[in-house]
Amino acid sequence: MSIERLETATRMSRIVKHNGTIYLCGQVCKDAEQGITEQTSSMLEKVDALLAQAGSDREHILSATIYVKDMSYFAEMNAVWDAWVPEGHAPARACVAAKMAREALLVEISVVAAEKVA
């Protein structure tokens, strides 16, 4: 069983693939000066791009852990999430309030997905 690491740096790899499973490092938005709706949309766009790079897509997400700065953002974040997740393909999910690495960040996600079978 081989482990493939993509976009590896000293501290982490953005993608790790092992035995048909894809692990994404925590993803945040492109512009932390935006509100929760925009930050969530931007973050999920990055997830889409990384999944495509790894040979998967949102229909193959197995699990997602979402971290929000404050639960007051929960409903707005969920509105974006609900529109993004394909009907019938909702992954196992957890959502927790967490202190973010930078003050302006409102949301972060960690994703585990299956590779698409060719």
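Residues numbered from 1 in each chain as written. Predicted model: local features only at pLDDT ≥ 70, side-chain atom pairs only at ≥ 80, totals over all residues. Heavy atoms only, no water.

Details of the overall build of the chain
Stated formally: Strands are runs of DSSP state E lasting at least 2 residues, helices are runs of H or I lasting at least 4, and numbering of each runs from the N terminus. Radius of gyration: over C-alpha atoms. The globule rule applied is 2.2 Å multiplied by the number of residues raised to the 0.38 power. Here's how the labels work: a residue is buried when its accessible area is under 20% of the maximum for its type, exposed when over 50%, partly exposed in between, all with a 1.4 Å probe on protein chains only. Only heavy atoms enter the contact rule, under which two residues are in contact if any of them lie within 4.5 Å.
The secondary structure content of the chain amounts to two helices and six strands. When the helices and strands of the chain are listed from N to C terminus, the series reads β-β-β-α-β-α-β-β. Relative to the globule expectation of 13 Å for 118 residues, the C-alpha radius of gyration of the chain, 14 Å, shows essentially globular dimensions. Projected onto its principal axes, the C-alpha positions of the chain cover 40 × 35 × 20 Å. Put simply, the chain has 118 residues, and 39% of those count as buried. Contacts in the chain between residues at least 24 apart in sequence constitute 68% of all its contacts with a sequence separation of at least 6.

Thoughts on the pattern of salt bridges
What counts, and what does not: The rule for a salt bridge is simple: a side-chain nitrogen of Lys or Arg has to be within 4 Å of a carboxyl oxygen of Asp or Glu.
Applying the stated criterion across every chain yields a total of seven salt bridges. In this structure, R58 and D48 form a salt bridge, with 2.6 Å as the shortest nitrogen-oxygen distance. Here D48 lies in helix α1 (residues 36-54) and R58 lies in the loop between α1 and β4 (61-68), a separation of 10 residues in the sequence. For D48, a relative accessible area of 22% translates into the label partly exposed. Note that E103 is salt-bridged to K69, the shortest N-O span being 2.7 Å. Of this pair, E103 sits in the loop between β5 (92-97) and β6 (107-114) while K69 is found in the loop between β4 and α2 (74-84), placing the two residues 34 residues apart along the sequence. Of the residues examined, E103 reaches a relative accessible area of 62% and is grouped as exposed. In this structure K69 comes out as partly exposed when scored by relative accessible area, which is 29%. Residues joined by salt bridges that share partners form a network here, namely E4, K17 and E115.

What about the environment of V107?
Mapped onto the elements of the fold, V107 is located in strand β6. On the basis of relative accessibility, which here comes to 0%, the residue V107 falls in the buried class. When the C-alpha atoms of V107 and V96 are compared, they prove to be 10.0 Å apart, with 11 residues separating the residues in sequence. Those residues within four positions of V107 in sequence are excluded, and the remaining contacts are Q27, V28, I36, Q39, T40, M43, I66, Y67, V68, M77 and M100.

Describing the sheet that holds strand β2 (residues 13-18)
In plain terms, the rule: For two strands to pair, DSSP has to find at least two bridges joining them. Between N-to-C directions, angles span 0 to 180 degrees; the directions come from axes that are lines fitted to C-alpha atoms, helices contributing only their stretch in contact.
Taken together, six strands build an open sheet; the order of strands is β1-β2-β3-β6-β4-β5 and the sheet is mixed. What marks the edges here is a single partner per strand, and that holds for β1 (3-8) and β5. Neighbouring strand axes in the sheet, compared pairwise and without regard to direction, differ in orientation by 10° on average. Relative to β5, β4 runs parallel, the two sharing six bridges. When the sheet's bridge partners are listed, T65 is paired in β5 with A94. Across the sheet, α1 is in contact with β1, β2, β3 (21-27), β4 and β6; its angle to β6 comes to roughly 25°.

Let's talk about the side chain of S56
We count it as follows: In protein, a polar contact requires one atom able to donate a hydrogen and another able to accept it; more generally it is a pair of N or O atoms within 3.5 Å, and residues adjacent in sequence count only if both atoms are side-chain atoms.
Looking at the element boundaries, S56 is found in the loop between α1 and β4. Within the local environment of S56, its side chain forms a polar contact with the backbone oxygen of A114, the two atoms lying 2.6 Å apart.

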